[in-house]
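Residue-level structural notes
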Amino acid sequence: MFKALADPGRRRMLDMLHERSGLTLGELCQGLDMRRQSVSQHLDLLEAANLVTSVRDGRRKLHYLNPVPVDEIQRRWIWKFQQPHLASMQSIKERAEEYAMTRSINHTRETVPDYAYTTYIRATAEEVWHALTDPDLTGRFWGHAQVSEWTVGSKVDHVRTDGSGVSDATGTVIDVVRPRRLAFTFDDPHRAHDPSFEPSVVTFEIEQRHDLVKLTVLQGRLARMDDRRAVGEGWPAVLANLKTLLETGDVLPQEPWAFHAEERAARMAEHDGGAT
């Protein structure tokens with residue numbers, strides 16, 4: 001990580017991805033005084049250091065700042081030494097995922113995912129797929145059971161595990177490529193039947209790499225900054241619990257989303273109020 005960060009050109013690329021997520025190689029070249037081949041080589045080094053994650057979108061390759069190594073730097077170096085003049089590093093992970101970009105190309109409105117997060121799990125692609133689609137397993141690491149037939153067009157419900165049967169989010173499966181890709185809409189169940197409402201879309205991309213799985217979650221169509229902030233807090237907690245479950249057989253000793261318990265309770269209360 002430190003070797004990757006040592007080059008000023010690579011640091012400039014991270015700055016650009018911090019400012020605007022989902023940039024293509026061509027867009028990165030426009031803001032840098034270097035050849036396309038050099039930019040591509042720098043991106044390869046940043047991806048190898050896991051500081052950048054890339055996602056295929058048709059013929060395009062979109063690049064995102066990956067907050068995982070930055071968080072490791074925080075825990076290993078910054079928090080340990082308590083250096084006040086380095087405190088700005090703490091905001092990178094929180095801010096890097098809050099930006100959305102919508103572009104118009106050939107008069108066609110094209111939306112780039114608002115959020116991308118990548119983690120690596122010692123498991124098989126089938127094990128990760130099963131964990132993401134099984135109600136009992138999702139109930140263990142997610143705090144809600146994901147209930148669906150997991151066929152295109154089928155309904156998805158994010159059901160509480162307290163026996164109430166309340167669904168705090170609902171959606172429709174839009175893409176299933178087992179065990180590599182799963183996409184579904186995911187939003188407020190009380191607006192599911194509103195034809196003017198555009199729900200957010202969650203996509204899981206699962207890639208087997210020898211004994212590891214590269215798991216990337218994308219979420220797009222987030223309407224409010226509060227939604228983007230909640231997503232930036234929620235997905236790292238959920239995927240950390242998933243990783244721990246698959247690698248050790250048990251979830252984390254403390255529910256990671258408990259750190260944001262007040263916000264979570266407020267959102268659930270809103271859904272309860274809507275139901276009444």
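Look a little higher up for the structure.
Residues numbered from 1 in each chain as written. Predicted model: local features only at pLDDT ≥ 70, side-chain atom pairs only at ≥ 80, totals over all residues. Heavy atoms only, no water.

**Some remarks on the nonpolar core**
Side chains of a nonpolar character, in soluble globular proteins, are inclined to be buried together. Within the largest apolar cluster, 33 residues are counted, with the highest numbers of intra-cluster contacts made by Phe204, Leu215 and Trp235. Elements that contribute at least two residues to this core include exactly strand 5 (115-121), helix 7 (125-133), helix 8 (135-142), strand 8 (167-177), strand 9 (181-185), strand 10 (201-209), strand 11 (212-220) and helix 9 (225-248). Examining the composition of this core, we find that six residues originate from one element, helix 9, more than from any other. Those residues in contact with tryptophan 235 that lie beyond four places of it in its chain are Tyr115, Trp142, Val202, Phe204, Val217 and Gln219. Counting residues in hydrophobic clusters, the runner-up holds 18 residues, among them Leu14, Leu17, Leu46 and Val70. (Core = buried A, V, L, I, M, F, W, Y, C linked by side-chain atoms within 4.5 Å. Buried < 20%, exposed > 50% of the residue type's maximum accessible area, 1.4 Å probe, protein only. Helix = DSSP H or I, 4+ residues; strand = E, 2+ residues; numbered from the N terminus. Contact = heavy atoms within 4.5 Å.)

**Some points on the packing of helix 8 against helix 9**
Closest axis-to-axis distance for the helix 8/helix 9 pair is 8 Å, and the angle between their directions is 120 degrees. Of the possible angle classes, the one that applies to helix 8 and helix 9 is oblique. Viewed along their axes, helix 8 and helix 9 form a crossing whose handedness is right-handed. The residues of helix 9 that touch helix 8, namely those facing Leu137, Arg140, Phe141 and Trp142, are Trp235, Val238, Asn241, Leu242 and Leu245. In the contact of helix 8 with helix 9, the residues fall into seven nonpolar, one polar and one charged. (Axes fitted to C-alpha atoms, helices over the stretch in contact; angles between N-to-C directions. Parallel < 35°, antiparallel > 145°, perpendicular 65-115°, else oblique. Left-handed = near helix turned anticlockwise from the far one by under 90°. Nonpolar A, V, L, I, M, F, W, Y, C, P; charged D, E, K, R; others polar.)

**Description of the side chain of serine 200**
Residue placement: serine 200 occurs in the loop between strand 9 and strand 10. Its relative accessible area of 1% is what places serine 200 among the buried residues. Within the structure, serine 200 has its side chain in polar contact with the backbone oxygen of phenylalanine 186 (distance 2.4 Å). A distance of 3.1 Å separates the side chain of serine 200 from the side chain of glutamine 219, its partner in a polar contact. Other than its neighbours up to four places away in sequence, serine 200 contacts Phe184, Thr185, Phe186, Asp187, Gln219, Gly220, Arg221 and Leu222. (Polar contact = N/O pair within 3.5 Å; in protein donor to acceptor, adjacent residues only side chain to side chain.)

**A word on the pattern of salt bridges**
Applying the stated rule across the entire model yields eleven salt bridges. Where aspartate 168 meets arginine 160, a salt bridge forms, and the shortest distance between an N and an O atom there is 2.7 Å. No difference in accessibility class separates aspartate 168 from arginine 160, as the two residues are buried. When the shortest N-O distance is used, the salt bridge between arginine 181 and glutamate 205 registers 2.8 Å. You can see arginine 181 sitting in strand 9 and its partner glutamate 205 sitting in strand 10, a full 24 residues away along the chain. Overall, the relative accessible area of 30% leaves arginine 181 in the partly exposed class. Residues joined by salt bridges that share partners form a network here, namely Asp175, Arg181 and Glu205. (Salt bridge = Lys/Arg side-chain N within 4 Å of Asp/Glu carboxyl O.)

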